[in-house]
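Each chain, letter by letter, is given below.
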Amino acid sequence: SSDLPVTGKLLAELASCFVNAIQDGTTPCLENTVQALSQIENQEAVQEAISYYEKQMEATVKLPTATVKELLNLHSNFEREAMKIFMKRSFKNEDNEYQKQLEGVLKSKYEALELQNMKISENKCQDLLTLLSEPIKKKLSEGFYFKPGGYMILVNELQEMTEKYQKTPDKGVKADEVLLKFHYENESTKMSILQMDKTLSDKEKEIEKEREKAEAVKQENEMKENLRAEAQAKMEEMQKNHEENMAKMLQKLEDEKNQQKQAFEEMLQNKYQEQQRLRDEQAEAQIRLLQRQIDELNSSSCSVM
């Protein structure tokens, strides 16, 4: 059995299990009762840990976060504390069943929050670009850039817009991706204006096309590398958390095993002492019996004389 003290609520649950068994006309079995009790306690330990995690994340996380790592770090910290709460209360968690259940729930909640974080960031960035690009779109609709020198005017104004966008804080994790998508969607418009710009020679136009293409490839590669690095960091952090949780649970199980061993040894020692006491009492009783017999014999001898 576990070394968990059976007091208070646990004692009440244990008594209730015994009473229910008796009422059902069955013989109460301590092992079955403890098993049923462990399920109740472990399920409540899981719920308590989940509740703690949810409250802490809700109170602390402000979406969108600047980076994926910021959200992941908060998740890791509160998951670690939630695991402590679970392990403090759980017992007879065989095969780590309830720990795995808790890890799965917390992972699902984090992933849902991660998706929400990306969506909020994406919407915020799109709204910002819509606002900042409004003057450029108005000029495009009026044909302002379809004139000699119009291409470079557009390039400069797009660059100014990009700088304003990048300086705006709290855009979140989708900032680079949304900006890259914006420039990609407007690439055909830029190329149309480039072709119509009579102030540039054919060679200059080809050079500008290659420059634009190289810049787009560079930005895309940088974004992919950032996403790869974030995914790698996320995987490593979650693996690290899992290994830490497993190590703590194994240590808890080892501690429980040692406690059970110590409790068994103490019980065995008590039995030996009880056995010796009974032997001593039995010997004393035999000595008293023999003494009575001697006394009786002595009395009989005196009478004969």
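Computed from a predicted model, the values in this text were never measured in an experiment.

(A) Region of the structure containing the overall build of the protein. Across its full length, the protein holds 8 helices and 0 strands. Ordered by position from N to C terminus, the α and β elements of the protein give α-α-α-α-α-α-α-α. Looking at the protein as a whole, 30% of its 305 residues are labelled buried. A sequence separation of at least 24 residues applies to 76% of the contacts in the protein between residues at least 6 apart. In the structure as shown, the protein presents an accessible area of about 19900 Å², 54% of it carried by carbon and sulfur atoms.

(B) Focus on the packing of aromatic side chains. Counted according to the given criterion, the structure contains 1 aromatic pair. Look at Phe144 and Tyr145: their rings are 5.2 Å apart centre to centre, the planes differ by 85°, and that puts the pair in the edge-to-face class. Overall, Phe144 belongs to the partly exposed group, its relative accessible area being 31%. Accessibility expressed as a relative area gives 1% for Tyr145, which makes it buried. The residue whose ring lies beneath Lys171 is Tyr165, and the NZ or CZ to ring-centre distance is 5.3 Å.

(C) Summary view of the environment of Glu220. Along the chain, the position of Glu220 falls in helix 8 (residues 202-304). Note: C-alpha distance between Glu220 and Lys181 (39 residues apart in sequence) is 9.5 Å.

(D) The side chain of Asn96, seen in detail. Along the chain, Asn96 falls in the loop between helix 3 (68-89) and helix 4 (97-141). For Asn96, a relative accessible area of 7% gives the class buried. In this structure Asn96 touches Met246, Met249 and Leu253, once residues within four positions along its chain are discounted.

(E) Looking closely at the pattern of salt bridges. Evaluated as defined, the whole model comprises 11 salt bridges. The partner of Glu225 in a salt bridge is Arg228, with the nearest N and O atoms 2.9 Å apart. Of this pair, Glu225 and Arg228 are both found in helix 8, 3 residues apart, which corresponds to roughly one turn of the helix. Owing to a relative accessible area of 40%, Glu225 belongs among the partly exposed residues under this scheme. Where Glu284 meets Arg288, a salt bridge forms, and the shortest distance between an N and an O atom there is 3.4 Å. One end of the pair is Glu284 and the other is Arg288, both in helix 8 and 4 residues apart, which spans about a single turn. Here the salt bridges do not stand alone but share partners, grouping Glu41, Glu44, Glu48 and Arg89 into one network.

(F) Looking closely at unusual backbone geometry. Looking along the chain, the bond that leaves Leu63 and enters Pro64 is cis, with omega of 0°. Considering the arrangement of structural elements, one finds Pro64 in the loop between helix 2 (30-60) and helix 3. Of note in this structure, Asp170 is not a glycine but carries a positive phi near 60°.

(G) Expanded view of the packing of helix 4 against helix 6 (residues 175-185). The interhelical angle for the contact between helix 4 and helix 6, taken along N-to-C directions, is 45°, at an axis separation of 9 Å. When the axis of helix 4 is compared with that of helix 6, the two are oblique. Here helix 4 and helix 6 pass one another in a crossing that is right-handed. From helix 4, Ser121, Glu122, Cys125, Gln126, Leu129 and Ser133 reach across to helix 6, where they touch Ala175, Val178, Leu179 and Phe182. Grouping the amino acids of the contact of helix 4 with helix 6 by side-chain chemistry returns 6 nonpolar, 3 polar and 1 charged.

(H) Focus on the environment of Leu128. One can find Leu128 in helix 4. With relative accessibility at 15%, the residue Leu128 sits in the buried group. If sequence neighbours within four positions are ignored, Leu128 has contacts with Tyr165, Thr168 and Lys171.

(I) Quick look at helix 4. Here helix 4 spans 63 Å end to end across 45 residues, near enough to the 66 Å set by a 1.5 Å rise per residue. Gly143, located one to two residues past helix 4, shows a positive phi value of around 75°.

(J) Spotlight on the environment of Ser121. You can see Ser121 is positioned in helix 4. Separated by 58 residues in sequence, Ser121 and Leu63 place their C-alpha atoms 7.8 Å apart. In contact with Ser121, not counting residues within four places along its chain, are Pro64, Lys171, Gly172, Val173, Lys174 and Ala175.

Reading the values: the criteria
- Residues numbered from 1 in each chain as written.
- Predicted model: local features only at pLDDT ≥ 70, side-chain atom pairs only at ≥ 80, totals over all residues.
- Heavy atoms only, no water.
- Helix = DSSP H or I, 4+ residues; strand = E, 2+ residues; numbered from the N terminus.
- Buried < 20%, exposed > 50% of the residue type's maximum accessible area, 1.4 Å probe, protein only.
- Contact = heavy atoms within 4.5 Å.
- Areas by Shrake-Rupley, 256 points an atom, 1.4 Å probe, with all protein chains shown as cover.
- Phe/Tyr/Trp six-rings, centres within 6.5 Å; stacked < 30°, edge-to-face > 60°.
- Lys NZ or Arg CZ within 6 Å of the ring centre and 35° of its normal.
- Salt bridge = Lys/Arg side-chain N within 4 Å of Asp/Glu carboxyl O.
- Axes fitted to C-alpha atoms, helices over the stretch in contact; angles between N-to-C directions.
- Parallel < 35°, antiparallel > 145°, perpendicular 65-115°, else oblique.
- Left-handed = near helix turned anticlockwise from the far one by under 90°.
- Nonpolar A, V, L, I, M, F, W, Y, C, P; charged D, E, K, R; others polar.
- Expected span 1.5 Å × (residues − 1).

The values reported here are purely geometric and, on their own, carry no functional implication.
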